[in-house]
Amino acid sequence: MSLTLPFVLVLGITVWAVVRYLNIRLWGAVLIGLFGFYLANTFLAPVIDGTARSGVDVINNTQQK
């Protein structure tokens, strides 16, 4: 049986856990999110996207050979 989760759902749960359990203020999490939107408009966006996809593929063990 295979279970797939959208990457944005995993990130959302992670952010919630960080805010809840590591005592990060909500404004700090919002600031990190805005920084992510800024990075999406730079030359680093394809590198970040590729790295995130590779990480998800490794975790899901769906890496193509």
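Preceding this paragraph is the structure being described.
Residues numbered from 1 in each chain as written. Predicted model: local features only at pLDDT ≥ 70, side-chain atom pairs only at ≥ 80, totals over all residues. Heavy atoms only, no water.

Section: the layout of surface pockets
Item 1. Of the voids in this model, the largest pocket is the one considered here, and its volume is about 210 Å³.
Item 2. Forming the boundary of the largest pocket are Leu11, Thr14, Val15, Ala29, Ile32, Gly33, Phe35, Gly36 and Leu39.
Item 3. Listed by contribution, the elements that provide at least two residues to the lining of the largest pocket are helix H1 (7-21) and helix H2 (26-39).
Item 4. The biggest single contributor to the lining of the largest pocket is H2, with 6 residues.
Item 5. By residue class, the composition of the lining of the largest pocket is 6 nonpolar, 3 polar and no charged.
Item 6. Every residue lining the second largest pocket is listed: Phe7, Leu11, Gly36, Leu39, Ala40, Ala45, Ile48 and Asp49.
Item 7. Among the elements of the structure, H1, H2 and helix H3 (45-60) are those that each provide at least two residues to the lining of the second largest pocket.
Item 8. Here the lining of the second largest pocket is composed, by residue class, of 6 nonpolar, 1 polar and 1 charged. (1 Å grid on protein atoms, 1.4 Å probe; cavity = no way out; pocket = protein on both sides within 12 Å on 5 of 7 lines; lining within 4 Å. Points joined across faces, edges and corners; volume = space filled by probe spheres on them. Helix = DSSP H or I, 4+ residues; strand = E, 2+ residues; numbered from the N terminus. Nonpolar A, V, L, I, M, F, W, Y, C, P; charged D, E, K, R; others polar.)

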